[in-house]
Structure formats: structure tokens, C-alpha cells
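Coordinates in review
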Amino acid sequence: MATPAPAIPDETKLTPKRKSKAAEAKENLTSKWATAAAIIIAALWTIPTVGLFFTSLVPGEYYRTDAWWTVMFEGNLTFENFGIVMFDSFGDSTSAQPLLGNLLNSIVVTVPTVVFPLVIGLMAAYAFAWIPFKGSDWIFVGIFALQVVPLQLALIPLLRILGPEGIGIAGTFPGVWFAHTIFAMPLAVFLLHNFISQIPSDIFEAARVDGASHTQIFFRIVIPLAVPALASLAIFQFLWVWNDLLVSAVFGSIDTYPLTYPISNLAGDYGATAYLTPPAAFISMIIPLIVFFSLQRYFVRGLLAGSTKG
Amino acid sequence: MPLAALTGGSMARPQAGLDAEFWSTQGQNFILGAVAIVAFIAVVALVMFGADLVKGKWRDKVQLVVLITPVLALLAIGLIYPAFDTVWLSFNEVVKEPDPVTGINTETISFVGLQNYIFAFTDPTVLRTILNTIAWIVLVPLISTGVGLAYAVFIDRAKGEKALKSLVFMPMAISFVGASVIWGSIMYDYNQTGTQTGMLNAVLEFLGFDAINFLAAEPWNTLFLIFVLAWIQTGFAMVIISAAIKGVPVDMNEAASLDGVNAWQRFWQITVPSIRSTLVVVLTTITIASLKVYDIVRTLTQGRNNTDIVANKMYVLSFVEQRQPLGAALAVILFIFVIPIVVYNVRSLRKVKETR
């Protein structure tokens, strides 16, 4: 059975390119005031993050007394804080673990929880999109509705299930993976279903006529064609898990806490280690920002697929 | 709590951890993760191929079961059963009684009806968190959609549109915790004495105003917290709205422009009506997000100075103060807030399915 390559639905058409007509239609709203407002918005959305970077470079002895620009003009900015935070101790109330430990925990929490929902979600998405069965519509609508249900509604009982009275994996990596995978399911199924259902039906019909089973179709057609959608979802899931605090706080423990946890604790602390909060926060942002800027295209495509149809 | 006092410039801090034990633990964690991924994929592949060995009329049915069971099982165990359990728990209370023989405390659950809800709506601190939450779910969507829409229109087809979009979109990649640190430590920071190191207060003093303790000044502090989430969500609104604006036929704008309709009128009479459904999607999505986010309040104020919201209070009650039934009641209240959105979404999804 050949894998038909050219029939991938082209989602880039969501943002059609415009030609010279566009240039004519432009004008007016891009007046001086509009430009000024746009500049102010762009500044207000950028400067805080830039400010965080420079504040990260302010040595502890200046942190409370001098603003970062003052320290900068005096030439006292230093990259030392990053080293202190990463390799020495970080002012977490519950431990003296260097942030490097939390950084590595973040990776160990995130990578498997990106893989699991992708695989399980794709399987279900194919079934809901292309295998007719009784109740299929209702179940899919139900899963879609679950997207909106606040996580909070599930926390207490799920913690009991995973905790020592249940299967006893709360506080370990498998427990955190399990919780994250569950909470990712509704979006994963919905997003992948939207994508897969757009694949032209001829492909599946031809394969069925040739006697292909669902398993064969899944491995030979669905997986190769769904790669762009999987990429979008992977970025989503990566950013969501990497940046999560609630799930890791409830289902994790000192052994599994990712970057967000100690940073959140330290942020409310105005003591002597307060100057370590900005560099710590900055470190937590580096990897998501790299992922975001290098893969922004897929991320936007996922956003559009997930929220404009439906 | 700070671990060690930092005296002057000397770096007298405890040296903790990068010892052999640290590395062996981290190494084990990575191996655990790798093994989990490989084992997971192997099991899935084996089961799928196993289902392919079935012959005859059962083959399709078995394979369908294999495809959908994992999702259904996970959702049943992890979301649906817990949701019902939480609702049940919210009508109960936990009673701790020492066992008459052993003296060990035993916990029993007893039904108390609506008592937790009555408490939630009469206790001033809990009631305040509910009112604050309403402010969040009204203002966050309005601010972020409004600013996102304005920005999308302003930069539409401008030079360097992509780069300009990235600037506003970037906070989407930052965690709520990270954004809270950005605003708390960099923008809203307030010093009682000496120079202001927070950027906003430095600007205020430069312009001749008094510095403001942003996170303590009631009732405006809630507004400053709300802005942090709006700051993150604006990029989302902007990107979606921008794509929708590009779908509005250029001819319509041109024709109106030739008829002498000015830009402001064209915006309200052509652009906004054309992207109405997108605006609804964006507003509802952000409403749901603002209901659940507890990270910002937890990181910036821990609910002090009357800034608490239901999502944070629920966490504190359930996992810090161990008052789970009341926490469950707050989770149910959160859910009640989203029910209209669930109903609306399900109805529009069914409409889309019918027209297919």
C-alpha cells in the first residue's frame, strides 16, 4: 500500500497571502495614532521581560537599593547570579536544592508527558474521525466538553487514587506523568481529531477496499499524515507542562518539583535571597522561549486549529 | 524563607548539593523517563499489532476497542470519576474522632447538605474570593481581547508584521509563575524607603507622583494582578483575531473606502461583524483560562490584601489547610461558572457536525 503524500490538508491557507490590492486597502487605520498605540502596546509587552533579564544581572548587594539601569550605568552588572542560582543553593523553603535539580526535573516531567498524550490522543482521534460506531458522536462531544472542566474538580479524588491509600505513585515522576497525561487528553483528542477529519476520505476508503485493517491504516496513513498536527500539539503540551505549577504542586514532591515550584515560593520572599528570584525566573524561561521562537509556526497553526473550528 | 542571611557583598551561602548523590539521583530520573517512554511505545505497538492478528469479522471491533480504550479509561479514572467524587465530597464534612479503644484519630465523612456552600457564600473571606474571581473572568477577557484586537488591526499588513506579532505573542511562552516574577519583581516592586527599583514606580517618581505599593493598595491590587494574566493572554487573542481579520474580503473594505466610509466606521461596520464568531471563541477561551489560573495569585500575593481568588483558595483549603470538603465546594463553584460555556460550546460543535 502506497502512502499518499500530496493530499495533506494545507493549513497554511488559513492566512492567505495578499498582493498589491492589500497595499491599497491599507491606510487610514494605520494612522499616526494607531502607530503610536501599537508602539506603546509592543513596548509594554516587551520591556518587562527585558527588564527581568537586566535585573537578573544585578548583584545581591545592590538589589534592594539600586535599580538595574543605575547598576548598569555604574558598570556593575554581572552574570554571576545565574551560576549561584543554578549550582549553589536556591532559597527554597523546603530544600537547599540548586536550581539545576529543578531544571532537570522539569525535563524529566515534560518529555514523557509530551509523548504519552500524543500517542494515545492520536489513536482515539483516528477512531472518532474515521471509524463509525454507535455513540461515537456523543463520546466525542463529551471529551470536547471535558476540555472546559476546571482541573480543580479532579484534584482531590485523583490525589487519593494516586496517593498512598491508592496505587501509591503520588509524589513520584510516574504519578506526575499520569496526572499530566490525563489532563492533556481532551485537548489532544480534539485538536488531532480536527486535523485528521480533514484528510480526504478517498484515502481511507481506498485503503479499506484494499483490505487494510485499522491498525495498518493507523501506522501507514494516519501517523505520517498527522506529523504537522502532532508537532503543533507537542509544542502546546510542552509549553503547558513546562510552565505548569498546579499539577506539579499537587501530584509532585520535593523529588519531582519542576522549576516553577521553587520560583513561585521564592517570589513571595523579600528576604536576603530575593535577588535570586529574577535570574531563576529567567532561567525557567530560556527553553520555552527557544522552543517558541523556533517553532512558532506550528504553535500558531495549532492554536488556530484548536480554537477557530468547533 | 531565606536560607542564609547575605551580609554585605560576601557570598556566605550554604553550599548545597551538587554531590555524587545529586548526580546519581538525576541520572536515575533520566533513565526512568527514557525507560518509561520506550516501554510505553513498545506496549502500544505490541497491543496494536496483536489486535491486527485477529482475523475475520471481530478484527475491526477489537481494533476499535484498542484505539479508544486508553483515552476512555484515562478520562474515566482521572476526570469523570474524580469530578463526581468532588461534587459528593462538597456535600460532606470530615469528622475526626479518637477511637475509644486505641485513641487514634479516625476520619469519617458525614453528609452535611449545603453547609459548605452556605459557608462559602456567607464567610466574608471566601465570598471575597468569589467576587474577585468574577472580576477576573470579566476583566481578563475584555482587556486581552480588546488590546489584542486593537493591536491586530493596527499592525495588519504593516512592515515587519510578523516580528511585531512575535513581540506581543511572546508572553504566551512564559509560565504564569515567570510572568508573575516579571511583574512582581520588575514592574510592581515597591520600596518603602530609598530609591524605587520597580520600573513603574521609578517612572511615577520621575513624573513627580508618589510611588504606589501596587500589590497592597486595595482594591486596585486585584486589577494589577488581573493585568498580569491579560498581558499573557493578549498574544493568544491577537494571533487568532489577526488570522480572522485576514479572512475578511479586501473588496468589502475597498468598496466601503470608495464610498467614503472612514476607517473607524469600517472597523465597526465591516471588520468587527465579520470576525464576530472568532471574537466569541477568543473571549470564551480566555474566560475559562482566567477561571482556573491560580499561579499568579499564589506567586504574587498568596491571597493577601483581599486579592484571593477561588482557584487559589481551593488549593490552599484542600492541600495546605486540609479542609477538603470546603475546597471541593469551591471547585464545584468554579465548575458552575463554566457550565454556560460548556453548554454553548457543545451546541455550536453539534451544529458544525450537522452541517458537515
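Sequence order as written defines the numbering, with residues in each chain counted from 1. Chains carry letters and ligands carry numbers; both start at the beginning, A for chains and 1 for ligands, and go up in the order they are written. Only residues with pLDDT of 70 or above have their local features reported here, since the model is predicted, and side-chain atom pairs are shown and tallied only from 80 upward, although totals for entire chains, interfaces and linings are computed over all residues.

1. Here we look at the overall build of chain B
Here is the rule: For helices the rule is a DSSP run of H or I covering at least 4 residues; for strands it is a run of E covering at least 2, with both sets numbered from the N terminus onward. Here the globule rule is a power law, 2.2 Å times the number of residues to the power 0.38, and the radius of gyration is based on C-alpha atoms. C-beta atoms are first placed from the backbone for all residues, and any pair lying within 7 Å is then listed as a contact.
Assigned secondary structure in chain B consists of 14 helices and two strands. Computed over its C-alpha atoms, the radius of gyration of chain B comes to 27 Å, more than 25% above the 21 Å expected for a compact globule of 356 residues. Expressed as lengths along the three principal axes of its C-alpha atoms, the size of chain B is roughly 85 × 75 × 55 Å. Taking as baseline every contact in chain B between residues at least 6 positions apart, the subset at least 24 positions apart corresponds to 61%.

2. Remarks on the overall build of chain A
Under the convention used in this document: A residue is called partly exposed when the number of other C-beta atoms within 10 Å of its own lies between 12 and 20, exposed at 12 or fewer, and buried at 20 or more, with C-beta atoms placed from the backbone.
Broken down by element type, chain A carries 16 helices and zero strands. Every one of the 310 residues in chain A was classed for burial, and the buried ones make up 52%. When contacts within chain A are restricted to residue pairs at least 6 apart in sequence, those whose partners lie at least 24 apart make up 75%.

3. A closer look at the pairing of strand β1 (residues 92-98) of chain B
Residues and elements named next belong to chain B. This is how it is decided: Pairs of strands are assigned from DSSP output, requiring at least two bridges between the strands.
Buried residues are scarce in β1, accounting for zero of its seven residues. Alignment of β1 against strand β2 (residues 105-111), held across seven bridges, turns out to be antiparallel. What sits directly across from K96, in β2, is E107. Connecting the antiparallel pair β1 and β2 is a turn made up of six residues, with G103 showing a positive phi of about 80°.

4. A word on the nonpolar core
Soluble globular proteins tend to bury their nonpolar side chains together. Which entries qualify depends on this criterion: For this analysis, nonpolar core means a set of buried Ala, Val, Leu, Ile, Met, Phe, Trp, Tyr and Cys residues linked through C-beta atoms within 7 Å. Annotation comment: domain bounds sourced from an automatic or database domain assignment.
A124, Y126, V189 and L192 of chain A together with L330 of chain B are the most contacted members of the largest nonpolar core, which totals 188 residues. Counting only domains with at least three residues in this core, you end up with domain 1 (22-87) and domain 2 (116-355) of chain B. When residues no more than four places from it in sequence are discounted, the contact partners of L192 of chain A are G121, L122, A125, A226, A229 and L233 of chain A.

5. Topic: the domain arrangement of chain B
As far as domains go, chain B holds domain 1 (22-87) and domain 2 (116-355). Each of domain 1 of chain B and domain 2 of chain B has a C-alpha centre, and the two are 36 Å apart.

6. Thoughts on the interface of chain B and chain A
Convention followed: Nonpolar residues are Ala, Val, Leu, Ile, Met, Phe, Trp, Tyr, Cys and Pro. Charged residues are Asp, Glu, Lys and Arg, and all others, Gly as well, are polar.
Across the boundary between the two partners, chain B contributes 123 residues, which contact 111 residues of chain A. Top element by residues in the side of chain B that touches chain A is helix α2 (residues 58-89) of chain B. It accounts for 19 residues. Among the residues making up the side of chain B that touches chain A, the classes are represented as 80 nonpolar, 30 polar and 13 charged.

7. Thoughts on the environment of G171 of chain A
Residue and element names in this part refer to chain A. Structurally, the position occupied by G171 is in the loop between α8 (152-162) and α9 (173-196). For G171 and A249, which are 78 residues apart along the polypeptide, the C-alpha to C-alpha distance reads 9.2 Å. Residues contacting G171, with those up to four places away along its chain left out, are G252, S253, D255 and T256.

8. What to know about the environment of S90 of chain B
Residues and elements named next belong to chain B. Among the structural elements, S90 can be located in the loop between α2 and β1. Residues S90 and G194, 104 residues apart in the sequence, show an inter-C-alpha distance of 49 Å. In contact with S90, not counting residues within four places along its chain, are N116, P325, A328, A329 and V332.

9. Concerning unusual backbone geometry
Residues and elements named next belong to chain B. Note that the residue after E218, namely P219, is joined by a cis bond; omega there is -10°. With respect to the helices and strands, P219 occurs in the loop between α7 (199-206) and α8 (220-246). Of note, the phi angle at N306 is positive, near 60°, even though the residue is not glycine. Inspection of the secondary structure assignment puts N306 in the loop between α12 (295-300) and α13 (310-320). A count of 17 C-beta atoms within 10 Å places N306 in the partly exposed class.

10. Points about the packing of helix α14 (residues 260-267) of chain A against helix α6 (residues 176-187) of chain B
Keep this limit in mind: For helices, the fitted axis covers only the stretch in contact; all axes are lines through C-alpha atoms, and the angles between them, taken along N-to-C directions, range from 0 to 180 degrees. An angle below 35 degrees is treated as roughly parallel, one above 145 as roughly antiparallel, one from 65 to 115 as roughly perpendicular, and anything else as oblique. A crossing counts as left-handed when the near helix is turned anticlockwise from the far one by less than a right angle, and as right-handed when that turn is clockwise.
Following both chains from N to C, one finds α14 of chain A and α6 of chain B inclined at 25°, their axes separated by 10 Å at the closest point. By the angle class used here, α14 of chain A and α6 of chain B are roughly parallel. The way α14 of chain A lies across α6 of chain B gives a crossing that is left-handed. Where α14 of chain A approaches α6 of chain B, its residues T260, I263, S264 and A267 of chain A are matched on the opposing element by V177, S180, V181, G184 and S185 of chain B. When the residues that make up the contact of α14 of chain A with α6 of chain B are grouped by side-chain class, the tally is four nonpolar, five polar and no charged.

11. Side note on α13 of chain B
All names here are of chain B. For α13, the buried fraction is high: eight of the eleven residues fall into the buried class. Residues of α13 that are buried include every one of V310, A311, N312, K313, M314, Y315, L317 and S318, and no others. Positive phi shows up at Q322, right after α13, with a value of about 55°.

12. Thoughts on the packing of α9 of chain A against α2 of chain B
Across the interface, α9 of chain A lies against α2 of chain B with an axial gap of 9 Å and an inter-helix angle of 130°. With respect to α2 of chain B, the axis of α9 of chain A lies oblique. The element α9 of chain A and its partner α2 of chain B pack so that their crossing is left-handed. Across the interface between the two elements, T181, I182, M185 and V189 of chain A of α9 of chain A pack against V71, L74, L75, G78 and L79 of chain B of α2 of chain B. Looking at the contact of α9 of chain A with α2 of chain B, its residues break down into seven nonpolar, two polar and no charged.

13. Some thoughts on the confidence of the model for chain A
Residue and element names in this part refer to chain A. This is how it is decided: pLDDT is defined as a per-residue confidence score from the predictor, taking values between 0 and 100.
In this model, chain A carries a mean pLDDT of 84, and residues with pLDDT of at least 70 account for 85%. Ranking the elements of chain A by mean pLDDT puts helix α1 (residues 20-25) last, at 44, and helix α6 (residues 99-130) first, at 95. Contacts for the low-pLDDT stretch residues 1-28, under 50 throughout, to residues beyond four places or in other chains number 33 contacts. pLDDT under 50 marks residues 91-95. Its contacts with residues more than four places away, or in other chains, come to 14 contacts.

14. Digging into the confidence of the model for chain B
Note: predicted coordinates in regions of low pLDDT should not be interpreted at a detailed level. All names here are of chain B. Per-residue confidence for chain B gives a mean pLDDT of 87; residues scoring 70 or more make up 94%. The secondary-structure element of chain B with the lowest mean pLDDT is helix α9 (residues 250-258), recorded at 81, while helix α4 (residues 124-155) shows the highest, at 95. Residue range residues 1-15 is modelled with pLDDT below 50. Its contacts to residues more than four positions away, or to other chains, number 30 contacts. As a predicted assembly, this complex carries a pTM of 0.87 together with an ipTM value of 0.86.

15. Observations concerning the environment of Q63 of chain B
Topologically, Q63 of chain B is positioned in helix α2. Residues Q63 of chain B and F49 of chain B, 14 residues apart in the sequence, show an inter-C-alpha distance of 9.4 Å.

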